[in-house]
Amino acid sequence: MRFSANLGFLWADRPLTDAVRAAATAGFDAVECHWPYDTPAQDVAAVLRETGLPMLGLNTRRGNVAAGENGLSALPGREDEARAAIDEAIAYAIAIGTRNVHVMAGFVQGEHAQDTFLANLGHACRQARPEGITILIEPLNDYDAPGYFLQTTTQAEALIDQLGAPNLRLMFDCYHVQLMEGNLTRRLTRLLPKIGHIQFASVPDRGAPDRGEVNFAHVFAHIAELGWTAPLGAEYRPQGPTETTLDWLATLR
Ligand SMILES: O=C(O)[C@@H](O)C(=O)CO
Ligand SMILES: [Mg+2]
């Protein structure tokens, strides 16, 4: 199994460039991040060259974070901002060689939200495709992100089918999926052709994967049996310094 350190949570107390170095030293095979925009892309590109780690993915900006926003792309009336955030994320991804951009939907419900999300995802897929970039959508659980537009893999699958873009895929975060829908291994098997990236954390406390209600040794073995070889994203909140939470890296590899 290969693993990617999600630097939105792991080593989140360090500048992004130092966090990449820490992930390399700890033995991760790749990194991914949430919102890298405060760090110049050329600095990130340089540290990726230095360490040899790929940055697997990044997110579009959330909008007005102070006002509680968590993405713009499903918000009716905010299309210009949403598309600017998508274009910015794609440009940043190109600059650092990242192949996945997660387009964040936002807190909104309803039919207009669905139409808005689909239209903005269409824009994202068209912009990203010539660059070889995949657009990801990620269902978030309703406990941590109440009211988030995209909450289940069932909903995400319907959106992917409806848009029919070859470069739109599902970010399957085992943590969110277990909380909302469960049945992880059957769901992974069925959805595999539509999955662009897999993440994990313990459930329900979003800690390291060697605890909680999900047996990740079993889930990872199943993912390997399915033929999935890309690094899996460790997106958990370390309790204490990240280095002290990495025993699982040796045992689950
Ligand atoms: O699971 C998550 O929260 C992340 O993957 C993310 O990108 C949005 O917060
Ligand atoms: Mg996630």
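What you see is a predicted model, and the numbers here were worked out from it, not measured in a lab. Just so you know, the residues in each chain are numbered from 1, in the order the chain's sequence is written. By the order in which they are written, chains take letters starting at A while ligands take numbers starting at 1. Totals for whole chains, interfaces and linings use every residue, but because this is a predicted model, local features are given only for residues with pLDDT of at least 70 and side-chain atom pairs only at 80 or more, for both listing and counting. Where side-chain values are given, they derive from all heavy atoms of the structure, hydrogens and water being excluded.

Asks: Help me understand the coordination of the magnesium ion (ligand 2) in this model?
Replies: Four donors placed tetrahedrally about a metal ideally form angles of 109.5 degrees, and six donors placed octahedrally ideally form angles of 90 or 180 degrees. Here the magnesium ion (ligand 2) is held by the protein donor atoms E138 (OE), D173 (OD), Q199 (OE1) and E235 (OE), which lie 2.0 to 2.1 Å from it. One way to put it: the six donor atoms around the magnesium ion (ligand 2) meet at angles of 76 to 174 degrees, and that makes the site octahedral. Note: metal donors comprise N, O and S atoms at 2.8 Å or less from the metal (3.2 Å for Na, K and Ca); water molecules are not included, so apparent gaps in a site are possible. Written as a sequence motif, the donor arrangement for the magnesium ion (ligand 2) is E-x34-D-x25-Q-x35-E. In this pair, D173 is assigned in strand β6 (residues 168-173) and Q199 in strand β7 (residues 195-200), connecting sequence segments 26 residues apart. Like D173, the residue Q199 is buried in the burial classification. In these descriptions, tetrahedral denotes four donors with every angle between 85 and 135 degrees, square planar four donors and octahedral six donors with opposite donors over 155 degrees apart and the rest between 65 and 115, and irregular any other case. Strands here mean DSSP runs of E at least two residues long; helices mean DSSP runs of H or I at least four residues long; both are numbered from the N terminus. Residue burial is assigned from relative accessible area. The probe radius is 1.4 Å, only protein chains are included, and a residue is buried under 20% of its type maximum, exposed over 50%, and partly exposed in between.

Asks: What should I look at first to understand the side chain of T60 in this one?
Replies: Within the fold, T60 resides in the loop between β3 (57-59) and α3 (79-96). For the purposes of these results, a polar contact is taken to be a pair of N or O atoms within 3.5 Å, where, inside protein, one atom must be able to donate a hydrogen and its partner to accept one; residues adjacent in sequence count only when each atom of the pair is a side-chain atom. A polar contact of 3.0 Å, which involves the side chain of T60, links it to the backbone nitrogen of M104. Setting aside residues no more than four positions away along its own chain, T60 makes contact with W35, Y37, A85, I86, A89, V101, H102, V103 and M104. Contacts are assigned to residue pairs that have any heavy atoms within 4.5 Å of one another.

Asks: How should the pattern of salt bridges be read in this particular structure?
Replies: Here the idea is simple: oppositely charged side chains can pair when their charged atoms come close. A side-chain nitrogen of Lys or Arg and a carboxyl oxygen of Asp or Glu constitute a salt bridge if their distance falls within 4 Å. Under the definition given, this model contains 14 salt bridges. Linking K194 and D161 is a salt bridge whose minimum nitrogen-to-oxygen distance equals 2.9 Å. A residue pair is termed long-range when its members are at least 10 positions apart, and K194 in the loop between α7 (184-191) and β7 and D161 in helix α5 (residues 153-163) qualify at 33 residues. A single salt-bridge network, built from bridges that share partners, covers E157, D161, R190 and K194.

Asks: I tried to follow unusual backbone geometry on my own but got confused; where do I start?
Replies: Outside of glycine, negative phi angles account for most residues, and trans bonds account for most peptide bonds. Residues V203 and P204 are joined by a peptide bond in cis, for which omega reads 10 degrees. Along the chain, the position of P204 falls in the loop between β7 and α8 (216-225). Of note in this structure, W11 is not a glycine but carries a positive phi near 50 degrees. On the secondary structure map, W11 appears in the loop between β1 (3-6) and α1 (16-26). Phi is positive for N183, which is not a glycine, with a value near 55 degrees.

Asks: Would you take a moment to explain the pairing of β1 for this structure?
Replies: Working note: regular strand, side chains alternate between the two faces of the sheet. Of the two faces of β1, the one carrying F3 and A5 and the one carrying S4 and N6 are both buried. Think of it like this: strands point away, you trace from the first strand over the helix to the second, and a clockwise trace means the crossover is right-handed. Once the chain exits β1 it traverses α1 before rejoining the sheet at strand β2 (residues 30-32), and the crossover so formed is right-handed.

Asks: Got a minute to help me understand the sheet that holds β2 in this structure?
Replies: Hydrogen bonds between backbone groups are what pair the strands of a sheet, and the pairing can be parallel or antiparallel. Following DSSP output, two strands are said to pair if at least two bridges run between them. Read from one edge of the open sheet, eight strands run β2-β1-β8-β7-β6-β5-β4-β3, paired in parallel fashion. Both edges of this open sheet fall to β2 and β3, since each of them pairs with a single strand only. Neighbour-to-neighbour, the strand axes of this sheet turn through a mean angle of 30 degrees, independent of strand direction. Direction of pairing for β1 relative to β2: parallel, over a ladder of three bridges. For helices, the fitted axis covers only the stretch in contact; all axes are lines through C-alpha atoms, and the angles between them, taken along N-to-C directions, range from 0 to 180 degrees.

Asks: Any chance you could explain the nonpolar core here in plain terms?
Replies: Counting residues in each nonpolar core, the largest one holds 84 residues, and the members touching the most others are W11, F28, F117, I135, F172 and W248. Other than its neighbours up to four places away in sequence, F172 contacts T153, V177, L184, R187, L188, L191, I195, H197, I198 and Q199. What we call a nonpolar core is a set of buried Ala, Val, Leu, Ile, Met, Phe, Trp, Tyr and Cys residues that are connected through their side-chain atoms within 4.5 Å.

Don't take any of this as a statement about function, it's just geometry.
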